[in-house]
Amino acid sequence: MPKLDTERAAHLVARLSTKERIRLLSGATMWSTETVGDVPSVSLSNGPNGLGKQASDADHVGGGDLIPATCFPSASVLASTWDEPLLERVGAALGREARAEGVGVLLGPGLNIKRHPGGGRVFEYFSEDPVVSGRVAAALVRGVQSEGVGTSVKHFAGNNQETDRMRLDSVIDERTLREIYLRGFEIVVRESAPWTVMTSYNRLNGEHTGESEWLITRILREEWGFEGLVMSDWMAVHDRVQGLRAGLDLEMPGGPGVWDDRIAAAVDDGSLAADSIEASAQRVASLALRARAEAESRPRTYDREAHHALARETAAAGTVLLTNDGMLPLHPRASLAVIGAAAEHPRFQGVGSAAVNPWRVDTLLDALRDRANTTYSPAYDPRTSEVSDTGLAEARDAAAAADQVVLVLGVPGGAEAEGVDRSEVTMPESFTILVREIVRANPRTAVVLANGAPLEITWADEPAALVEAYLGGQASGSALADVLLGDVEPGGRLAESFPIRTADLPAARNFPTSGGSRTQTQYREGLHVGYRFHDTFGVAPRFPFGHGLGYTTFAWGVPVVTVTGTDVIVEIDITNTGHRLGSEVVQLYVHDPESSVHRPDQTLEAFAKVHLAPGHTRSVRLALDERAFAIWDVASSRWLVEGGRYEVRIGASSRDIRASAHIEIESADRVTAVPGPIGPVADDHEFERALGRPIPAAAGILPFTVDSTIDDLRATWFGRRLHSMVSRMLERQLPAGDDSMSAMMRAVISGMPLRAMVVASGGKLTLDTLDRVIRVLNALSR
Ligand code: BGC
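Not measured: the values here are computed from a predicted model.

1. What to know about the overall build of the protein
Then comes step 1: Check the secondary structure of the protein and you find 22 helices and 27 strands.
Then comes step 2: Over its C-alpha trace the protein gives a radius of gyration of 26 Å, about what one expects of a compact globule, namely 28 Å for 782 residues.
Then comes step 3: Along the three orthogonal principal directions, the C-alpha set of the protein runs to about 80 × 65 × 60 Å.
Then comes step 4: Burial analysis of the protein (782 residues in total) assigns 63% to the buried set.
Then comes step 5: Contacts spanning at least 24 positions in sequence make up 77% of the contacts within the protein whose residues lie at least 6 apart.
Then comes step 6: Total accessible area on the protein is roughly 27800 Å²; 50% of this is exposed by carbon and sulfur atoms.
Then comes step 7: Distance between charge centres in the protein, computed from 78 positive and 103 negative side chains, equals 3 Å.

2. Things to note about the pattern of salt bridges
Then comes step 1: Within the structure shown, the criterion is met by 55 salt bridges.
Then comes step 2: Close ionic contact of D487 with R371 constitutes a salt bridge, the shortest N to O distance being 2.5 Å. With D487 in the loop between α16 (476-485) and β17 (520-522) and R371 in helix α13 (residues 364-371), this residue pair connects regions lying 116 residues apart in the sequence.
Then comes step 3: Its relative accessible area of 52% is what places D487 among the exposed residues.
Then comes step 4: Residue D684 pairs with R524 through a salt bridge whose shortest N-O separation is 2.8 Å.

3. Examining the side chain of S192
Then comes step 1: The residue S192 is located in helix α7 (residues 183-192) in this model.
Then comes step 2: S192 gets classed as buried once you look at its relative accessible area, which sits at 8%.
Then comes step 3: A polar side-chain atom of S192 sits 2.7 Å from the main-chain carbonyl oxygen of V188.
Then comes step 4: Contact partners of S192, with chain neighbours within four places excluded, come to A138, V141, R142, Q145 and I187.

4. Observations concerning the packing of aromatic side chains
Then comes step 1: By the definition in use, this model includes 13 aromatic pairs.
Then comes step 2: Where Y380 meets F431, the ring centres are 4.8 Å apart and the plane angle is 65°; that geometry is what we call edge-to-face. Taken together, the positions of Y380 in the loop between β13 (374-377) and α14 (389-401) and F431 in helix α15 (residues 429-441) put the pair 51 residues apart, joining distant regions of the chain.
Then comes step 3: Residue classification places Y380 among the buried positions, given a relative accessible area of 5%.
Then comes step 4: One residue, R178, lies across the ring of W632, its end atom 3.8 Å from the ring centre.
Then comes step 5: The cationic tip of R304 hangs over the ring face of W359; the distance from NZ or CZ to the ring centre is 3.9 Å.

5. Notes on the sheet that holds strand β3 (residues 105-106)
Then comes step 1: Taken in spatial order, the 5 strands make up an open sheet running β1-β3-β4-β6-β9, and their pairing is parallel. The open sheet terminates on both sides in strands that have one partner only, identified here as β1 (44-45) and β9 (229-231).
Then comes step 2: Bridging between strand β6 (residues 196-199) and β9 involves 3 bridges; their strand directions are parallel. The residue of β9 that forms the bridge with V197 is V230.
Then comes step 3: α7 contacts β4 (150-156) and β6 of the sheet and is inclined by roughly 165° relative to β4.

6. Looking at α14
Three or four residues apart is the spacing at which side chains of an α-helix point the same way, because the helix has 3.6 residues per turn.
Then comes step 1: For α14, spanning 13 residues, the distance from its first C-alpha to its last is 18 Å, which sits close to the expected 18 Å at 1.5 Å a residue.
Then comes step 2: If you follow the buried residues of α14, they end up packed against β11 (336-339), β13, β14 (404-410) and α15.

7. Some points on the domain arrangement of the protein
Then comes step 1: Each domain of the protein was delimited in the assignment, giving domain 1 (3-297), domain 2 (305-496), domain 3 (545-691) and domain 4 (711-780).
Then comes step 2: Relative to domain 3, the C-alpha centre of domain 2 lies at a distance of 33 Å.
Then comes step 3: Facing the 20 residues of domain 2 at the interface are 14 residues of domain 3.
Then comes step 4: Contact between domain 2 and domain 3 buries roughly 1300 Å² in total, counting both sides, with carbon and sulfur atoms accounting for 48%.
Then comes step 5: Our count for the domain 2 to domain 3 interface comes out at 1 salt bridge.
Then comes step 6: Put simply, E584 and R493 hold a salt bridge, and the shortest N to O gap is 3.0 Å.
Then comes step 7: Between the two partners, domain 2 and domain 3, sit 11 residue pairs in polar contact (both at pLDDT 80 or more).

8. Remarks on the packing of helix α6 (residues 174-181) against α7
Then comes step 1: It is the contact of α6 with α7, at a shortest axis distance of 5 Å, that shows an interaxial angle of 50°. With respect to their mutual orientation, α6 and α7 come out oblique. Of α7, the residues touching α6 (which contributes L177, R178, E179, I180 and Y181) are R183, G184 and F185.
Then comes step 2: The residue inventory of the contact of α6 with α7, partitioned by class, reads 4 nonpolar, 1 polar and 3 charged.

9. Some thoughts on the sheet that holds strand β10 (residues 320-324)
Then comes step 1: Reading across the sheet, the 6 strands line up as β10-β16-β15-β14-β11-β13 and stay open at both edges, with mixed pairing between neighbours. Among the strands making up the open sheet, the edge pair consists of β10 and β13. Strand-to-strand twist of the sheet, defined as the mean angle between neighbouring strand axes without regard to direction, takes the value 15°.
Then comes step 2: Where strand β15 (residues 445-450) and strand β16 (residues 465-468) come together, 4 bridges link them in parallel fashion. Of the residues in β16, the one forming a bridge with V447 is L466.
Then comes step 3: Along the sheet, α14 contacts β11, β13 and β14; its crossing angle with β13, the most-contacted strand, is approximately 165°.

10. Thoughts on helix α19 (residues 717-731)
Then comes step 1: Taking 1.5 Å as the rise per residue, α19 with 15 residues should run 21 Å; its terminal C-alpha atoms sit 21 Å apart, in good agreement.
Then comes step 2: Those residues of α19 that are buried are in contact with α20 (739-750), α21 (756-760) and α22 (767-780).

11. Remarks on the nonpolar core
Then comes step 1: With 135 residues, the main nonpolar core has F126, F156, M231 and W234 as its most contacted residues.
Then comes step 2: With near-sequence residues (within four places) excluded, F156 lies in contact with L182, F185, V197, M198, T199, S200, T209, L215, L220 and W224.

12. As for unusual backbone geometry
Then comes step 1: Here N46 and G47 are connected by a cis peptide whose omega angle stands at 10°.
Then comes step 2: Inspection of the secondary structure assignment puts G47 in the loop between β1 and β2 (68-69).
Then comes step 3: Residues M252 and P253 are joined by a peptide bond in cis, for which omega reads -5°.
Then comes step 4: If you check the backbone angles, A193 has positive phi at about 40° while not being a glycine.
Then comes step 5: Examined against the element boundaries, A193 turns out to sit in the loop between α7 and β6.
Then comes step 6: Although it is not a glycine, M235 sits at a positive phi angle of roughly 70°.
Then comes step 7: Counting through the fold element by element, M235 comes out in the loop between β9 and α9 (240-246).
Then comes step 8: Since its relative accessible area comes to 11%, M235 is described here as buried.

Rules used throughout
Residues numbered from 1 in each chain as written. Predicted model: local features only at pLDDT ≥ 70, side-chain atom pairs only at ≥ 80, totals over all residues. Heavy atoms only, no water. Helix = DSSP H or I, 4+ residues; strand = E, 2+ residues; numbered from the N terminus. Rg over C-alpha atoms; globule rule 2.2 N^0.38 Å. Buried < 20%, exposed > 50% of the residue type's maximum accessible area, 1.4 Å probe, protein only. Contact = heavy atoms within 4.5 Å. Areas by Shrake-Rupley, 256 points an atom, 1.4 Å probe, with all protein chains shown as cover. Lys, Arg positive; Asp, Glu negative; His and termini not counted. Charge placed at Lys NZ, Arg CZ, Asp CG, Glu CD. Salt bridge = Lys/Arg side-chain N within 4 Å of Asp/Glu carboxyl O. Polar contact = N/O pair within 3.5 Å; in protein donor to acceptor, adjacent residues only side chain to side chain. Phe/Tyr/Trp six-rings, centres within 6.5 Å; stacked < 30°, edge-to-face > 60°. Lys NZ or Arg CZ within 6 Å of the ring centre and 35° of its normal. Pairing = 2+ DSSP bridges. Axes fitted to C-alpha atoms, helices over the stretch in contact; angles between N-to-C directions. Expected span 1.5 Å × (residues − 1). Domains from an automatic or database assignment. Buried area = accessible area lost by both parts, 1.4 Å probe. Parallel < 35°, antiparallel > 145°, perpendicular 65-115°, else oblique. Nonpolar A, V, L, I, M, F, W, Y, C, P; charged D, E, K, R; others polar. Core = buried A, V, L, I, M, F, W, Y, C linked by side-chain atoms within 4.5 Å.

And the structure:
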């Protein structure tokens, strides 16, 4: 495989003038970089679970005309497989499709932590846990890049909500950052060497991430050894000159080089080193050369049917069987009532830049009708989830007349969308009524959920079985039929906790849909994210992290644990004691009983998925190194391991520990003792101590700055006039027809900072004019 050709890139860049080098540093179009001298252009395209290539430059959030591609399951499903070899195969398929369409870099995977289930892009991310996030992402990256196509791991970092995402300041203490929010990125960078990393929209502790030398140069490049290119998220750039100082190589998308003059002026007056320009231009050139060399040395074809089959296999492997009293798999010859419009109009992907235009969509209804004696009743409107009286009556009758029932609940499309956080984390009321009525009509009911993120499921124990299918991609219908009929097992385990009440989560205290500031989010829950919260404070989740049932049974042996210094090997025999092929996910958690700093009760540090035929045994080997025991010591800015006693817990979920062992870890590190938080959410004093500085005041809406959003304009009389003018202009560009897409685009537009208008206007609005407009706006607001 052609490697990074840094020498040739340096040679090509050396022949360019400063002006030409600067041209390389921002895109040529929405989806490509510039061709300058002998440096070729490289084409970039979404997305994380299927190629989202736009035929035109229309927009950057999936509203334009996408070319047909295979829609693989969304990130929640991919993570729920816990199956790295499978995900490498998915990655390779994504890579082949990208290559066939001339795409050099695929913009994904996204691996931000699921801090709160209401996050609008939670469906697009993997897990609440950094080890799962990092390893799943690394497997996908290895797969894509094995086909000669680059990836862009995103969004680096602290981008865990959609509301005001383009100017929000995520206030996160360093230990939490290192142990939760950066760790997944560290894993993917170290394990799979992505070609590129995409910085996020938000600020992190006051700095725009694309301007943070600490994040991009100190941590990403110097500490983790990242050698690739760093690009901005689309229209995220706030101060390009500072971005270049920090190490942000490429601004995306392109426009007519709106920053070029300011960059040149900064080089001239010495406030920006010419070396920064050269280094970034070289990285752009290396990327482009590599992409071209790969493209020229490989075929541009792929087997569509094989990719569909892989999408189907993956959807089943990531489907999580949450409860089952033995009703599933369905009885093959008994009559079956399929209820729920999502069986006919599947919910299989979220809204936004991860969207794919599938070349084929399988429905559950067709797949079941082909194989079972099936009746069908839609019961609700798939766009609104409303259940009419006649719909309900028909569904009830159909349920009562059948031997067994599958009720599919597809959460309406707009509910899971980029750009919009969800205030509703509850199941639609109409669905709750429907479930109760159908279960009453026929207790042999299996409920299937098609949604992107955890919901509060108050009736979870009522149906005979409950299946979380998430957003399973274009083959989700046939994959679900495979699982329900027992042709394959539901292989998924939750990579996130399902809370009983979302409002009880510590992050809920500082999440936009439940209050808080428009310009700042304080991560006062610190390390208490997901199961780390539930397990530390004894708050039961509805379904725990790691949970998922199968159709066979397993016996777990006695673990053998070998310790050498800070390296630990755990070996355990797993035997399939049932009558079907099945898989088990062996999860290894570390518990530190005697730490001098506060730690969550346990943290997942290793896992492995085993597939076993009936009667077969496999020895599963899990390796831990020092990082499994380390904490980030803020005082010395290092990872340190406290020597002493630890417990390794081996389980089938965070709440289903099957075996454990106490071990002694030898280490001479001295961790700085810090008093721990008493509750799940830090008070002012505790948060200041964790931050090591006073809690920063949230910026107000006034005075206006380049970071003020279009929505902020409404704060003043003159601003309101400008707001309605701009809104009318932008409204005309919204896609016709698709409600969920238009609603998402509206949210994206109202959260757009004024500075993004410069790129969006294609250069008609200049940076200087914008500065003048802001001065006028502020003058008139007094
Ligand atoms: C998203 C990115 C995406 C980019 C290009 C942004 O709005 O945050 O994830 O890759 O647009 O579509």
